[in-house]
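Each chain is listed here by its residues.
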Amino acid sequence: MLTPVINATGVLLHTNLGRAPLAHHQDASFFNLELNLASGKRGSRQHAVGSLIASAVGAEAAIVVNNCASAVLLALAALPQGRGVAVSRGELVEIGGGFRVPDVMAQSGARLVEVGTTNRTRLADFDNAIQNDDVGLALHVHQSNYRIIGFTEAVSIKELGTLDVPVLADIGSGLLDAGCPWLSGPPPTWLAGEPAARQSLADGADLVMFSGDKLMGGPQCGILAGSRELIDKCASHPLARAVRPGGLVLSSLQTTILSYLNRDGTAIPFWRQATTPIDDLRQRADAVATQCAGAPVAVGVIDTMAVPGGGTLPGVEIPSVGLRLEGDMSRRLRFEDRPIIARVEGGATVLDLRTIDPSDDDAVAAALNTLT
Ligand SMILES: *Cc1c(COP(=O)(O)O)cnc(C)c1O
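Residues numbered from 1 in each chain as written. Predicted model: local features only at pLDDT ≥ 70, side-chain atom pairs only at ≥ 80, totals over all residues. Heavy atoms only, no water.

Engineer: Honestly, the site of the ligand in this entry has me stumped. Any pointers?
Structural biologist: In the vicinity of the ligand, the residues found are Arg19, Asn67, Cys68, Ala69, Ile95, Phe99, His142, Ser144, Asp170, Gly172, Ser211 and Lys214. Within the side chain of Asp170, one N or O atom sits 2.7 Å away from a nitrogen atom of the ligand. Contact distances for the ligand include 2.8 Å between an oxygen atom and a side-chain N or O atom of Lys214. Within the complex, 94% of the 380 Å² of free accessible area of the ligand lies under protein. Residues of the shell around the ligand, tallied by class, amount to four nonpolar, five polar and three charged. (Near = heavy atom within 4 Å. Polar contact = N/O pair within 3.5 Å; in protein donor to acceptor, adjacent residues only side chain to side chain. Areas by Shrake-Rupley, 256 points an atom, 1.4 Å probe, with all protein chains shown as cover. Nonpolar A, V, L, I, M, F, W, Y, C, P; charged D, E, K, R; others polar.)

Engineer: Honestly, the domain arrangement of the chain in this entry has me stumped. Any pointers?
Structural biologist: It is common to report an interface's size as the accessible area lost on association of the parts. On domain assignment, one finds that the chain holds domain 1 (6–12 + 276–369) and domain 2 (31–267). Here domain 1 and domain 2 share an interface that buries about 750 Å² over both sides, 72% of which is from carbon and sulfur atoms. Counting every contact that joins domain 1 to domain 2 gives zero salt bridges. Applying the counting criterion to the domain 1 and domain 2 interface returns zero residue pairs in polar contact (both at pLDDT 80 or more). (Domains from an automatic or database assignment. Buried area = accessible area lost by both parts, 1.4 Å probe. Salt bridge = Lys/Arg side-chain N within 4 Å of Asp/Glu carboxyl O.)

Engineer: Honestly, the pairing of strand E8 (residues 207–211) in this entry has me stumped. Any pointers?
Structural biologist: The side chains of a regular strand alternate, residue by residue, between the two faces of the sheet. Counting buried residues along E8, five of its five residues qualify, which places the element largely inside the surrounding structure. Of the two faces of E8, the one carrying Leu207, Met209 and Ser211 and the one carrying Val208 and Phe210 are both buried. The pairing of strand E7 (residues 167–172) with E8 spans four bridges and is classified as parallel. Pairing of Leu168 across the sheet is with Leu207, part of E8. With helix H6 (residues 197–203) bridging E7 and its parallel neighbour E8, the resulting β-α-β unit is right-handed. Bridge count between E8 and strand E9 (residues 222–226): five bridges; the pairing is antiparallel. Following the sheet pairing, Val208 is matched in E9 by Ala225. (Buried < 20%, exposed > 50% of the residue type's maximum accessible area, 1.4 Å probe, protein only. Helix = DSSP H or I, 4+ residues; strand = E, 2+ residues; numbered from the N terminus. Pairing = 2+ DSSP bridges. Right-handed = clockwise from strand over helix to strand, strands pointing away.)

Engineer: Got a minute to help me understand the environment of Gly50 in this structure?
Structural biologist: Its place among the elements puts Gly50 in helix H1 (residues 47–57). Separated by 85 residues in sequence, Gly50 and Val135 have C-alpha atoms that sit 29 Å apart.

Engineer: Is there a simple way to explain the packing of H1 against helix H9 (residues 247–261) in this structure?
Structural biologist: Helix packing geometry: the angle between the two helix axes and the distance between the axes. Put simply, H1 and H9 touch, their axes get as near as 10 Å, and they point 30° apart. The pairing of H1 with H9 is recorded here as roughly parallel in orientation. Classified by chirality, the crossing of H9 by H1 is left-handed. Here Ala48, Val49, Leu52, Ile53, Ser55 and Ala56 of H1 lie close against H9, whose contacting residues are Leu250, Leu253, Gln254, Ile257, Leu258 and Leu261. Split into classes, the residues belonging to the contact of H1 with H9 amount to ten nonpolar, two polar and no charged. (Axes fitted to C-alpha atoms, helices over the stretch in contact; angles between N-to-C directions. Parallel < 35°, antiparallel > 145°, perpendicular 65-115°, else oblique. Left-handed = near helix turned anticlockwise from the far one by under 90°. Contact = heavy atoms within 4.5 Å.)

Shown next, in the form of structure tokens:
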């Protein structure tokens, strides 16, 4: 059975736990999914949410598909039109779950033209491919879950933008705007260097592709945003129908995007959890520990490190606070009515407060009080 769980892992975007947590309610009701209310004629399911996304990232147009993998598949099927797609050898990424850029390209029918080397690729390598290999597109893929360090050189989206061919950017994580205008404070330092949709487009990408359920904090989906010409080509390709999202996803995504447009990051659970001040977490941890003073297993409060997860921001840690129990209690916690998913470290069980909703603190305390 799919069942709600308490994520005490400290991994904010835990792919096994559905990545971003979402509240969504929908009555059993018809809605104008493909009806243009103004004209009374058939409309596009992409239009309403697509326009909201486009304005959130500063694009001419946007469409939604099932996930970022299908966004890349669709773009590579619809756009090269027989010509090659140049991609740096340093960006032939495997994201996880078998999603490998070269394999996706092969499935799309696009002809991959690898340029540069694993550690160093220059703009001249792309230029060369355009001159000599009938390349019609450049693809930039964000190294979401790994880093190449040492003697390295990579071509930025800005540099790719100077080429004569359209630039596609798979930015993966779906940070909408590097300035994070939906947060009350400045962008968190742990976001440094993460590509954002708005800035990638401003830098010269003609089309960006990203996930809806990573740093965007929405439902599972993939988004393509960019020039109207390229978006229209993707939207009218036969594969677009095969990877189109359902109405449930679109209306949930609309809620998320409206929160961004209203600059209300607190309405997006991912951002709320990611930016909770550490003092709040400590207070909550102390309160739970106090409630558990007579628990059969001693409950301590410790400093921890949470992580963004979801294959984003490798090596990035977000300071957090946790509850510590001696021994491996993870199995017993999983057998609670609302399973609690904890991590086990050095012979102790740790429940990280950053990924636990405050409304679940009492449930956590109750579970710890009955652990035997
Ligand atoms: C995560 C990721 C994907 C796959 O996204 P899904 O939405 O999980 O399909 C593709 N490309 C990059 C760069 C990613 O980080």
